[in-house]
Amino acid sequence: MKILIDNGHGVDTAGKRSPDGSLREYSYTREIARRIVQALTAEGFDAERIVTEEEDISLRERCRRVNAVCRSLGSKNVLLVSVHNNAAGSGGQWLSARGFSAHVSLNASDRSKRLAKCLWQAALDNGLRGNRSVPAEMYLAQNLAMCRDTLCAAVLTENLFQDNREDVAFLLSEEGKQAVTAAHVQGIKTFIKQNQ
Ligand SMILES: [Zn+2]
C-alpha cells in the first residue's frame, strides 16, 4: 500500500494561524506530515508527502499528483490523508471548540469511510478527544476537493483547533505532536491490516 500524506496549505495561504501567531497551519502540518512519513517508513511502510514545497500548491495540482500515483499503482493500492488544523472562527480570537475530526467527501467510497473511522478511533485512543460529540459513523462528509477528486481512499483530518488556547498549547507541545503523529500512524496501520 502506498501511503500519501498531504500537508494542506502553504506559507503564502492567508490566515490559517492561531490568534497569537504561535501556530501556523502550513508549518505545523508539514512538521506532522514529516513525522508521520518518518514513523511509517521506519516500520517498513511505503509513505511519502505529496507536497514538499513550502508554498501553497493548488488543489488541482495536489489531486493530479495523487491520481498519477493511483493510475500507476492502482487506486486500491493507494491511500491519502490530508493533514490540517481546524478553526471555529476566522482566526482573530480564541474560541471554545476543541478536538479532532476526520472528514470524507460527499461521494466517499466505503474505503474512505473505513479509513476515516480508523483514524478517528486512533485519535480518540491517543487522547485527542475535544469537547464535541463524535458521530456514530466516525466521519463527517463534506465537499472537499482533495477527497472528492482523488481516485483512492482519501480522508482529511482536522487536528484540533488552531483558535482554541488549550488545543494550541497541546498541539505545540512535544506530547501533542507525538499524539497527533501516533493517531495517524496507528489509524493508517489499522486500515492496512483490515485490507489485507
Ligand atoms: Zn486547513
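Look a little higher up for the structure.
The rules we used
Residues numbered from 1 in each chain as written. Predicted model: local features only at pLDDT ≥ 70, side-chain atom pairs only at ≥ 80, totals over all residues. Heavy atoms only, no water. Donors = N, O, S within 2.8 Å, 3.2 Å for Na, K, Ca; no water. Helix = DSSP H or I, 4+ residues; strand = E, 2+ residues; numbered from the N terminus. Buried < 20%, exposed > 50% of the residue type's maximum accessible area, 1.4 Å probe, protein only. Phe/Tyr/Trp six-rings, centres within 6.5 Å; stacked < 30°, edge-to-face > 60°. Pairing = 2+ DSSP bridges. Axes fitted to C-alpha atoms, helices over the stretch in contact; angles between N-to-C directions. Contact = heavy atoms within 4.5 Å. Arc of directions from axis to C-beta.

J.: Sorry if this is basic, but what is going on with the coordination of the zinc ion here?
T.: By definition of the ideal shapes, a tetrahedral metal site with four donors has angles of 109.5 degrees and an octahedral site with six donors has angles of 90 or 180 degrees. All of the protein donors around the zinc ion are His 9 (NE2), Glu 25 (OE) and His 84 (ND1); their distances to the metal are 2.1 to 2.2 Å. In the primary structure, the donors to the zinc ion are separated according to the pattern H-x15-E-x58-H. With His 9 in the loop between strand E1 (2-6) and helix H1 (25-42) and His 84 in strand E3 (residues 78-86), this residue pair connects regions lying 75 residues apart in the sequence. As far as burial versus exposure is concerned, His 9 and His 84 are alike and both buried.

J.: Hey, could you run me through the packing of aromatic side chains in this one?
T.: For any pair of aromatic rings, the description rests on two quantities: the centre-to-centre distance and the angle between the ring planes. A full pass over the atoms with the stated rule returns one aromatic pair. Measuring from ring centre to ring centre gives 6.2 Å for Phe 100 and Trp 120, while their planes differ by 70°; the resulting arrangement is edge-to-face. Taken together, the positions of Phe 100 in strand E4 (residues 100-105) and Trp 120 in helix H3 (residues 110-125) put the pair 20 residues apart, joining distant regions of the chain. Overall, Phe 100 belongs to the buried group, its relative accessible area being 3%.

J.: What's the story with the sheet that holds strand E6 (residues 153-161) in this structure? I'm lost.
T.: In a beta sheet, neighbouring strands are held together by backbone hydrogen bonds and run either parallel or antiparallel to one another. Reading across from one edge, E2-E1-E3-E6-E4-E5 is the order of the six strands in this open sheet, with mixed pairing throughout. Edge positions in the open sheet fall to strand E2 (46-49) and strand E5 (140-142), since each of these has one partner strand only. When strand polarity is set aside, the average angle formed by the axes of neighbouring strands in this sheet is 30°. Across three bridges, the pairing between E4 and E5 is parallel. Following the sheet pairing, His 103 is matched in E5 by Leu 140. Across the sheet, helix H5 (residues 165-172) is in contact with E3 and E6; its angle to E6 comes to roughly 110°.

J.: Explain H5 here, please?
T.: Think of an α-helix as 3.6 residues a turn; residues three or four steps apart then line up on the same face. Buried within H5 we find Asp 167, Val 168 and Leu 171. The buried side chains of H5 occupy one side of the element, clustering within an arc of 95° when seen end-on. Among the exposed residues of H5, those pointing more than 90 degrees away from its buried face are Arg 165 and Ala 169. Structurally, H5 contributes buried residues whose contacts are with H1, E3, E6 and helix H6 (174-194).

J.: What's the story with unusual backbone geometry in this structure? I'm lost.
T.: Trans is the prevailing form of peptide bonds, just as negative phi is the prevailing case for residues other than glycine. With phi around 60°, Met 138 is a residue other than glycine that occupies positive phi space. Here Met 138 lies in the loop between H3 and E5. For Leu 160, which is not glycine, the phi dihedral falls at a positive 65°. When its relative accessible area of 3% is taken as the criterion, Leu 160 is described as buried.

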